[in-house]
Amino acid sequence: MINYHLNNLKELESEAIYVIREAAAQLERPVLLYSGGKDSILVAHLARKAFYPARIPFPLMHVDTGHNFPETLEFRDNHVKELQAKLIVAKVQDSIDEGRVKEETGLNASRNALQTTTLLDAIEKHKFDGALGGARRDEEKARAKERFFSHRDEFGQWDPKNQRPELWHILNGKKAMGENFRIFPLSNWTELDVWRYISMEKLEIPKIYFSHDRDCVVRDGVLLSDSDYLNKADNEEMVNKHVRFRTIGDMTCTGAVESSANSVDDIIDEISATRMTERGTRSDDKRSEAAMEDRKKQGYF
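Residues numbered from 1 in each chain as written. Predicted model: local features only at pLDDT ≥ 70, side-chain atom pairs only at ≥ 80, totals over all residues. Heavy atoms only, no water.

Draft legend 1. Up close: the environment of glutamate 11. Structurally, glutamate 11 is set in helix α1 (residues 2-26). Considering only alpha carbons, one finds glutamate 11 and isoleucine 268, 257 residues apart in sequence, at a separation of 19 Å. (Helix = DSSP H or I, 4+ residues; strand = E, 2+ residues; numbered from the N terminus.)

Draft legend 2. Examining the packing of helix α2 (residues 38-51) against helix α3 (residues 70-83) more closely. Where α2 meets α3, the closest approach of the two axes is 12 Å, and the angle between their N-to-C directions is 5°. What the angle tells us is that α2 and α3 run roughly parallel. Where α2 approaches α3, its residues Ile41, Ala44 and Arg48 are matched on the opposing element by Phe75, His79, Glu82 and Leu83. Each residue belonging to the contact of α2 with α3 can be placed in one class, and the counts come to four nonpolar, one polar and two charged. (Axes fitted to C-alpha atoms, helices over the stretch in contact; angles between N-to-C directions. Parallel < 35°, antiparallel > 145°, perpendicular 65-115°, else oblique. Contact = heavy atoms within 4.5 Å. Nonpolar A, V, L, I, M, F, W, Y, C, P; charged D, E, K, R; others polar.)

Draft legend 3. Region of interest: the packing of α2 against helix α6 (residues 191-201). At their nearest, the axes of α2 and α6 sit 11 Å apart, and the two run at 55° to each other. Between α2 and α6, the crossing angle belongs to the class labelled oblique. Handedness of the α2/α6 crossing: left-handed. Seen from α2, the contacting residues are Lys38, Asp39, Leu42, His45, Leu46 and Lys49; seen from α6, they are Glu191, Val194, Trp195, Tyr197, Ile198 and Glu201. Residues belonging to the contact of α2 with α6 are distributed by class as follows: six nonpolar, one polar and five charged. (Left-handed = near helix turned anticlockwise from the far one by under 90°.)

Draft legend 4. Representation of the layout of surface pockets in the model. Approximately 500 Å³ is the volume attributed to the largest pocket. Along the wall of the largest pocket there are 20 residues; nearest its centre are Ile123, Glu124, Phe128, Gly178 and Asn180. Within the lining of the largest pocket, the residues separate by chemical class into five nonpolar, five polar and 10 charged. By volume, the second largest pocket amounts to about 240 Å³. (1 Å grid on protein atoms, 1.4 Å probe; cavity = no way out; pocket = protein on both sides within 12 Å on 5 of 7 lines; lining within 4 Å. Points joined across faces, edges and corners; volume = space filled by probe spheres on them.)

Draft legend 5. Main features of a nonpolar patch on the surface. On the surface, Leu167, Trp168 and Ile170 cluster together into a nonpolar patch covering about 430 Å² of accessible area. Assessed through its relative accessible area of 54%, leucine 167 is described here as exposed. (Patch = residues over 30% accessible without salt bridge, like charges linked within 9 Å, V, L, I, M, F, W, Y side chains within 5 Å. Areas by Shrake-Rupley, 256 points an atom, 1.4 Å probe, with all protein chains shown as cover. Salt bridge = Lys/Arg side-chain N within 4 Å of Asp/Glu carboxyl O. Buried < 20%, exposed > 50% of the residue type's maximum accessible area, 1.4 Å probe, protein only.)

Draft legend 6. Just the nonpolar core, in detail. Core analysis: the largest hydrophobic core is formed by 56 residues, its most contacted members being Ile20, Leu32, Leu46, Trp189 and Trp195. The set of elements that each furnish at least two residues to this core consists of α1, α2, α3, β6 (180-183), α6 and α7 (264-273). The element contributing the most residues to this core is α2, with eight residues. In this structure, leucine 46 is in contact with Glu13, Ala16, Ile17, Ile20, Leu186, Trp189 and Tyr197, ignoring residues within four places of it in sequence. Residues Ile88, Ala90, Ala122 and Phe128 belong to the second largest nonpolar core, which totals 11 residues. (Core = buried A, V, L, I, M, F, W, Y, C linked by side-chain atoms within 4.5 Å.)

Draft legend 7. Seen up close, the sheet that holds strand β7 (residues 212-219). Read around the closed barrel, the four strands follow the order β7-β8-β10-β9; overall the barrel is antiparallel. Sheet twist, expressed as the mean angle between neighbouring strand axes with direction ignored, is 65°. (Pairing = 2+ DSSP bridges.)

Written as structure tokens, this is what we have:
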């Protein structure tokens with residue numbers, strides 16, 4: 001069984017490195033979207049492997065909502081320095097200040113959806129023609145419709161019914177002026193594959209992936225971390241829970257799970273037994289049945 005997992009991880013690694021190298025070869029100005037979460041850490045690690053001993057030949061970019069977990073931002077800055085990579089930070093707050101987007105109000109207000117405009121503006125500003133990221137097909141049903149090279153039109157929009165075939169892993173980076181691609185090297189990975197690879201490669205990850213005590217609000221079955229960004233109802237009570245995070249995003253919509261997992265091996269055991277997907281902890285995905293697909297059609301990653 002151990003040899004099976006090892007062989008599977010090596011095949012996934014080889015496939016992902018191939019996709020990353022194809023992106024660098026076919027596109028003129030790619031960028032790697034990097035949040036400091038486990039999947040973007042993994043893509044950055046694979047990109048370093050793909051071009052070693054040279055440095056990663058394209059910049060990293062974080063679309064910053066301004067409502068991030070402090071632990072993630074600290075890890076992001078340290079990791080980018082260790083990679084010797086260039087980091088671009090595109091801020092949602094700048095989009096708000098410029099009148100490009102409007103801050104949401106109300107109990108469930110979040111800046112997560114506002115990232116789309118900030119991302120599209122940054123792609124246009126820097127003239128990027130491809131954005132690599134750590135999305136995986138097992139995350140959510142809209143993600144499952146993506147190709148490795150996912151075409152976007154001149155408005156940054158995605159048409160799930162007009163995806164290009166990728167027979168025999170032949171990737172098509174041909175585009176017209178103004179069009180671009182989202183590139184997903186981890187398409188065929190699962191959450192369990194990611195953690196097994198992190199274990200195999202002994203990768204550093206933010207500490208909030210491990211169990212810790214945190215004050216939370218229980219809202220619609222989701223444990224939301226207490227913060228200055230979270231709007232709270234008068235009748236909502238704060239509870240201290242022993243939790244960790246399976247996915248990392250905007251603090252206002254990223255839920256925790258109760259857990260005692262203190263090591264990567266513990267996390268692997270926990271995920272192997274769970275029946276809930278990692279995005280089951282994201283309250284923004286519950287706004288509608290097709291919330292993710294609607295955002296992706298508008299240009300969301």
